[in-house]
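# Commentary on secondary and tertiary structure
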Amino acid sequence: MDRGLEWLARSDMERVGRPDVPRVFGPGDGDLADYLWDGTRVRVVDFEDSGLSDRPFELAEITEHVAARVGPPLAAETFLSLFDLNTAERARLSECRKLLALVWLFLLSFGDPQPPRNPPGTTERQAARLHNLLA
């Protein structure tokens, strides 16, 4: 957590509206249960958190959402390689992934242990994930 907060303090995450990172409409929720694949197309079914966003943030939402590691884990790097991002988008994606991994660590750290909502060790695995992204 300390390493994540140190990174956040020196990051440029508060900068909004970069002209080299195109804005898009996004669902704002990376829970894989909100994306339905029919063999041909992906359909988004939850727009509760939707709004103006950018591709790097939305891709980070998907790859860093805790649901991406429940059951068979999402092959994040393989998934991300399917998107043609410009240099600025790739840099923002890296930063957004760190931010969202830190957010998930906060959320998991302050969850009610009785009854447990996540499998044992989830918080520890999230801390390791954040550590790896910050390396």
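This text follows the structure it describes.
Residues numbered from 1 in each chain as written. Predicted model: local features only at pLDDT ≥ 70, side-chain atom pairs only at ≥ 80, totals over all residues. Heavy atoms only, no water.

## Topic: the side chain of Thr63
By the secondary structure assignment, Thr63 is in helix α2 (residues 55–64). The class for Thr63 is buried, based on a relative accessible area of 1%. If we ignore the near neighbours within four places in the chain, the residues touching Thr63 are Ala68, Arg69, Leu74, Ala76, Phe79, Leu80, Arg97 and Arg129. (Helix = DSSP H or I, 4+ residues; strand = E, 2+ residues; numbered from the N terminus. Buried < 20%, exposed > 50% of the residue type's maximum accessible area, 1.4 Å probe, protein only. Contact = heavy atoms within 4.5 Å.)

## Topic: the packing of helix α4 (residues 87–109) against helix α5 (residues 122–134)
At a closest axis distance of 9 Å, the pairing of α4 and α5 adopts a crossing angle of 160 degrees. One way to sum up the angle between α4 and α5 is to call them roughly antiparallel. The crossing of α4 and α5 is left-handed. On the side of α4, the interface is formed by Arg97, Lys98, Ala101, Leu102, Trp104, Leu105, Leu108 and Ser109, while α5 contributes Thr122, Thr123, Gln126, Ala127, Arg129, Leu130, Leu133 and Leu134. (Axes fitted to C-alpha atoms, helices over the stretch in contact; angles between N-to-C directions. Parallel < 35°, antiparallel > 145°, perpendicular 65-115°, else oblique. Left-handed = near helix turned anticlockwise from the far one by under 90°.)

## Quick notes on the environment of Asp84
If you trace the backbone, Asp84 turns up in the loop between α3 (76–80) and α4. Owing to a relative accessible area of 68%, Asp84 belongs among the exposed residues under this scheme. Separated by 72 residues in sequence, Asp84 and Asp12 have C-alpha atoms that sit 23 Å apart. Not counting chain neighbours up to four residues away, the residues in contact with Asp84 comprise Arg55 and Glu89.

## Remarks on the pattern of salt bridges
Scanning the entire structure with this criterion turns up eight salt bridges. Linking Glu77 and Arg97 is a salt bridge whose minimum nitrogen-to-oxygen distance equals 2.8 Å. Here Glu77, found in helix α3, pairs with Arg97, found in helix α4; they are 20 residues apart in sequence, far enough to count as distant. Overall, the relative accessible area of 8% leaves Arg97 in the buried class. (Salt bridge = Lys/Arg side-chain N within 4 Å of Asp/Glu carboxyl O.)

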